[in-house]
Amino acid sequence: MASETSHPPRADAALAGLLDQVTRHIHSSNHAADLYPAQWSALRYFAKADPPHRSAISLARYQGIEPGPTTRTVRTLITKGLLKGAGSLGRGRIRRVDVTDKGRELLLSDPLNIVVEALASLDGVQKRALAEALERMLVRLQSQKRQPEGGGPSGAVSDLE
């Protein structure tokens, strides 16, 4: 008899396949308005993050990735006029950024809005169950990487309350 860790049950594999299809659809829709998915993600992050967490390093921690790529993404968004420098944080080594009016205007046509519309068809119980499941999965997936620090945009479960 095969162990469950080496051969996932069919239902888990089917759910993973559905999740893969959903994430691929979301990812491909995020190639819009001359931005890449990582740039959309960064723009969303800065629009929601508290001022002390609006830096490339905070974005990197939140996403659980290395600072280099996020720094390049932030620089690109500044060049495109979607973010602007807003002084420094802490001892002056970390640069704070804010979303510009142009960036906020672009966020009105955020391609993620189609996902928001799809989620609107779920009832409250379904949304809460989905949020709890996704957050649990995210924690599990991130356990192999360094954990993101708090202070970024809030989690989905707390947003539902």
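This structure is a prediction, so every number in the text was calculated from the model and none was measured.

A.B. asks: Would you mind showing me how to read the overall build of the protein chain here?
C.D. replies: Counting secondary structure elements, the protein chain contains eight helices and two strands. Overall, the protein chain shows an N-to-C arrangement of helices and strands of α-α-α-α-β-β-α-α-α-α. The proportion of buried residues among the 161 residues of the protein chain is 25%. Look at the contacts in the protein chain between residues 6 or more apart in sequence, and 53% of them connect residues 24 or more apart. A total accessible area of about 11000 Å² is found for the protein chain, and carbon and sulfur atoms account for 56% of it.

A.B. asks: So what exactly am I meant to see when it comes to the environment of S29 here?
C.D. replies: Locating S29 in the fold gives a position in helix 1 (residues 10–29). Residue classification places S29 among the buried residues on the basis of a relative accessible area of 18%. As for S29 and P111, which are separated by 82 residues in sequence, their C-alpha atoms are 6.1 Å apart. Once you skip the residues sitting within four places of it in the chain, S29 turns out to touch P111 and I114.

A.B. asks: What is the right way to read the packing of aromatic side chains from this model?
C.D. replies: Given two aromatic rings, one states the distance between the centres and the angle between the planes to describe the pair. The final tally for this structure, using the stated rule, is two aromatic pairs. Ring centres of Y45 and F46 lie 5.2 Å apart, and the angle between their planes is 80 degrees; on these two criteria the pair is classed as edge-to-face. Comparing Y45 with F46, the two get one shared label, buried. On the numbers, 5.1 Å between centres and 40 degrees between planes, the contact of Y45 with Y62 is tilted. Placement of Y45 in helix 2 (residues 37–48) and of Y62 in helix 3 (residues 56–63) is noted, with a sequence separation of 17 residues between them.

A.B. asks: I would appreciate a short explanation of the packing of helix 2 against helix 4 (residues 67–79) in the present structure.
C.D. replies: The relative placement of two packed helices comes down to the angle between their axes together with the axis-to-axis distance. Running from N to C, helix 2 and helix 4 cross one another at 80 degrees; their axes reach a closest spacing of 10 Å. The orientation of helix 2 with respect to helix 4, classified from their angle, is roughly perpendicular. Residue-level inspection shows A38, Q39, A42, L43 and F46 of helix 2 in contact with helix 4, the latter providing T73, V74, T76 and L77. Grouping the constituent residues of the contact of helix 2 with helix 4 by class yields six nonpolar, three polar and no charged.

A.B. asks: Sorry if this is basic, but what is going on with the pattern of salt bridges here?
C.D. replies: Working definition: two side chains of opposite charge can pair if their charged atoms are close together. Here the structure, examined in full by the defined rule, presents six salt bridges. Salt-bridge contacts for D20 lead to R24; the nearest nitrogen and oxygen are separated by 3.0 Å. Taken together, the residues D20 and R24, both in helix 1 and four residues apart, mark about one turn of the helix. Looking at D20, the relative accessible area reads 34%, which means it is partly exposed. With its nearest N and O atoms 3.2 Å apart, the salt bridge here joins E132 to R128. Taken together, the residues span about one helical turn, with E132 and R128 both in helix 7 (residues 124–142) at a distance of four residues. Overlapping salt bridges bring together R54, R96 and D98 as one network.

A.B. asks: Looking at this structure, how should I read the side chain of T73?
C.D. replies: For T73, the location among the structural elements is in helix 4. Every residue in contact with T73, bar those within four places of it in the chain, is listed here: A38, Q39 and A42.

A.B. asks: Hey, could you run me through a nonpolar patch on the surface in this one?
C.D. replies: Together, L19, L119, L130, L134, M137 and L141 make up an exposed nonpolar region whose accessible area comes to about 480 Å². With four residues, helix 7 is the single largest residue contributor to the nonpolar patch.

Calculation criteria
Residues numbered from 1 in each chain as written. Predicted model: local features only at pLDDT ≥ 70, side-chain atom pairs only at ≥ 80, totals over all residues. Heavy atoms only, no water. Helix = DSSP H or I, 4+ residues; strand = E, 2+ residues; numbered from the N terminus. Buried < 20%, exposed > 50% of the residue type's maximum accessible area, 1.4 Å probe, protein only. Contact = heavy atoms within 4.5 Å. Areas by Shrake-Rupley, 256 points an atom, 1.4 Å probe, with all protein chains shown as cover. Phe/Tyr/Trp six-rings, centres within 6.5 Å; stacked < 30°, edge-to-face > 60°. Axes fitted to C-alpha atoms, helices over the stretch in contact; angles between N-to-C directions. Parallel < 35°, antiparallel > 145°, perpendicular 65-115°, else oblique. Nonpolar A, V, L, I, M, F, W, Y, C, P; charged D, E, K, R; others polar. Salt bridge = Lys/Arg side-chain N within 4 Å of Asp/Glu carboxyl O. Patch = residues over 30% accessible without salt bridge, like charges linked within 9 Å, V, L, I, M, F, W, Y side chains within 5 Å.

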